[in-house]
Amino acid sequence: MHPVIATPGGAAQARAWSNHALLLLRREAARSADTHLLHLDIPAFRDIRLYFKDESSHPTGSLKHRLARSLFLYALCNGRLQAGQAVVDASSGSTAISEAWFARMLGLHFIAVMPACTAPRKIADVQALGGQCDLVDDPADVHARAAWHAARGACHLDQFGLAERATDWRGNNNIAESILGQLEQEADREPEWIVCGAGTGGTSATIGRYVRYRGLRTRLCVAEPTGGAFAQGWRSGDRAARASRPTVIEGIGRSGVEPGFLFDIVDDVIEVPDEASIAAAWELERLFGRRYGGSSGTNLVACLQLAARMHARGQRGSIVSLLCDRGERYDGTLFNPDWLRSRQLDIAPWSAALEATLADGRWYDVAPG
């Protein structure tokens, strides 16, 4: 495509549309209440308080609502997004749902490049918001396919390439500032650990940078599906590391190290088997009375491991993590016993181990296979 040379009148019109789009995004942010920080009381961890920030309560049902808003703001303020332009991104679902919601608000056509194995409910949610789903058989091809659409005129929001720079990590109500503000009145307002997964790397980058910016002692733990690229790369210091095994936990556990993964601000990585993540997602429903997705289960497992370590050492303090998205999106997969059996995922041993940990505060591992 050849660049469009704008006339003075056309440039003014384009700037007026951009200003209006930015106004709509600011209005939406002003109308959005902060998400709840839920306290989970576990008697076995008497001196350790566990908190979970419920990001599923955003209008689009996940923590990616924040990211999608930031990506649209970044594209607009960098002059990359114009009136009537199609918007594209590569996403396994939650980001795509949020981006489709914002694109509809701005009157733009949205294309989500998604792995064909994405949960059907997520695909349906994107389509219900007016988005187009371009499904690819090989998940490794999503970036190239998004670039193909961008070469044909679409604005590539590029969550994997831009997430860590599009979010204002110094504040402006980012997720880390929000968490710490909500802890102000708590007994342990400076947490020992904040736990999150890593998809784009944007959330871990924001949290890790912000706690250092504030001069806090809080440490950052990334909860990663077993064999995920971030875990491999973090331990070896190799940004070319690749995942050693696939995962069914959508949104995290990337096959390669994405640009937004910042090794130096992560204090620990805990790898979590898929069966443990799913068992923990089922456990979250029992604990909170509503369903959350698989990555929320991954976070819970990492939190319980850290709490068990602290408990064994006689330490006290708080641990904060995220409830990432609505579990109803996985009714046909992670919460479907037939689907689990078809993939030979037996969560019963992990369910028993997690219940034992919740009962006595000790960590119980499950031998593979």
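Residues numbered from 1 in each chain as written. Predicted model: local features only at pLDDT ≥ 70, side-chain atom pairs only at ≥ 80, totals over all residues. Heavy atoms only, no water.

## Things to note about the packing of helix 10 (residues 274-288) against helix 13 (residues 348-360)
- Where helix 10 contacts helix 13, the axes come no closer than 9 Å and their chain directions differ by 55°. The angle between helix 10 and helix 13 falls in the class oblique. Crossing geometry of helix 10 relative to helix 13 is assigned as right-handed. Residues Glu275, Ala276, Ala279, Ala280, Glu283 and Arg286 of helix 10 form the contact with helix 13, whose participating residues are Trp350, Ser351, Leu354, Glu355 and Leu358.
- Classifying every residue of the contact of helix 10 with helix 13 gives six nonpolar, one polar and four charged. (Axes fitted to C-alpha atoms, helices over the stretch in contact; angles between N-to-C directions. Helix = DSSP H or I, 4+ residues; strand = E, 2+ residues; numbered from the N terminus. Parallel < 35°, antiparallel > 145°, perpendicular 65-115°, else oblique. Left-handed = near helix turned anticlockwise from the far one by under 90°. Contact = heavy atoms within 4.5 Å. Nonpolar A, V, L, I, M, F, W, Y, C, P; charged D, E, K, R; others polar.)

## What to know about the sheet that holds strand 3 (residues 87-90)
- With parallel pairing, four strands are arranged side by side in an open sheet as 5-4-3-6. The sheet is open, and its two edges are formed by strand 5 (132-136) and strand 6 (155-156), each paired on a single side.
- In this structure, strand 3 lies alongside strand 6, joined through two bridges in parallel fashion. If you follow Val88 over to strand 6, its bridge partner there is His156. (Pairing = 2+ DSSP bridges.)

## So, the packing of helix 11 (residues 294-312) against helix 13
- Relative orientation of the contacting elements helix 11 and helix 13 amounts to 40°, with a least axis distance of 11 Å. With respect to each other, helix 11 and helix 13 are oriented oblique. At the point where helix 11 passes helix 13, the crossing takes the left-handed sense. For the pair helix 11 and helix 13, the contacting residues are Val301, Leu304 and His311 in the first and Leu354, Thr357, Leu358 and Asp360 in the second.
- Per-class residue counts for the contact of helix 11 with helix 13 are four nonpolar, two polar and one charged.

## A few points about unusual backbone geometry
- Not every positive phi belongs to a glycine, and Asp158 is a case in point at roughly 55°.
- Along the polypeptide, Asp158 turns up in the loop between strand 6 and helix 6 (159-166).
- Residues other than glycine seldom take positive phi values, yet Gln344 does so here, at roughly 55°.
- Looking at the secondary structure, you find Gln344 in the loop between helix 12 (337-342) and helix 13.

## What about the pairing of strand 7 (residues 193-196)?
- The two faces of strand 7 match: Trp193 and Val195 on one face and Ile194 and Cys196 on the other face are all buried.
- Here four bridges tie strand 7 to strand 8 (residues 219-225), and the two strands are oriented parallel to one another. Within the sheet, the bridge partner assigned to Trp193 lies in strand 8 and is Arg219.
- Once the chain exits strand 7 it traverses helix 8 (residues 202-213) before rejoining the sheet at strand 8, and the crossover so formed is right-handed.
- Bridge count for strand 7 against strand 10 (residues 317-323) is two bridges, and the pairing is parallel. For Ile194, the partnering residue across the bridge sits in strand 10 and is Val320. (Buried < 20%, exposed > 50% of the residue type's maximum accessible area, 1.4 Å probe, protein only. Right-handed = clockwise from strand over helix to strand, strands pointing away.)

## Side note on the nonpolar core
- Core analysis: the biggest nonpolar cluster contains 44 residues, and Ile42, Leu50, Val195, Leu304 and Ile319 have the highest contact counts within it.
- With eight residues, the top contributor of residues to this core is helix 11.
- With near-sequence residues (within four places) excluded, Leu304 lies in contact with Ile42, Phe45, Leu50, Leu354, Thr357, Leu358 and Trp363. (Core = buried A, V, L, I, M, F, W, Y, C linked by side-chain atoms within 4.5 Å.)

## Comments concerning helix 13
- Between its first and last C-alpha atoms helix 13 spans 19 Å; for 13 residues at 1.5 Å apiece the expected length is 18 Å, and the two agree.
- When we look at burial in helix 13, the residues that qualify are Trp350, Ala353, Leu354, Thr357 and Leu358. Down the axis of helix 13, the sector holding all buried residues measures 135°, keeping them to one side.
- Those residues of helix 13 that are buried lie in contact with helix 10 and helix 11. (Expected span 1.5 Å × (residues − 1). Arc of directions from axis to C-beta.)

## A closer look at the packing of aromatic side chains
- Going through the model one piece at a time under the given rule, you end up with ten aromatic pairs.
- A ring pair is formed by Trp169 and Tyr213, whose centres lie 5.8 Å apart and whose planes are at 85°; its orientation type is edge-to-face. In this pair, Trp169 sits in the loop between helix 6 and helix 7 (175-182) while Tyr213 sits in helix 8, placing the two residues 44 residues apart along the sequence.
- When its relative accessible area of 22% is taken as the criterion, Trp169 is described as partly exposed.
- Pairing Phe288 with Tyr292 gives two aromatic rings, centres 6.3 Å apart and planes at 85°, and the pair type is edge-to-face.
- Taking relative accessible area as the criterion, Tyr292 reaches 1% and is therefore assigned buried.
- By the ring-pair criterion, three or more aromatic residues cluster together here, those being Phe52, Phe288 and Tyr292.
- Above the face of the Trp148 ring, Arg145 is positioned so that its terminal group lies 4.2 Å from the ring centre.
- The cationic tip of Arg239 hangs over the ring face of Phe263; the distance from NZ or CZ to the ring centre is 4.9 Å. (Phe/Tyr/Trp six-rings, centres within 6.5 Å; stacked < 30°, edge-to-face > 60°. Lys NZ or Arg CZ within 6 Å of the ring centre and 35° of its normal.)

That's the geometry; what it means functionally is another story.
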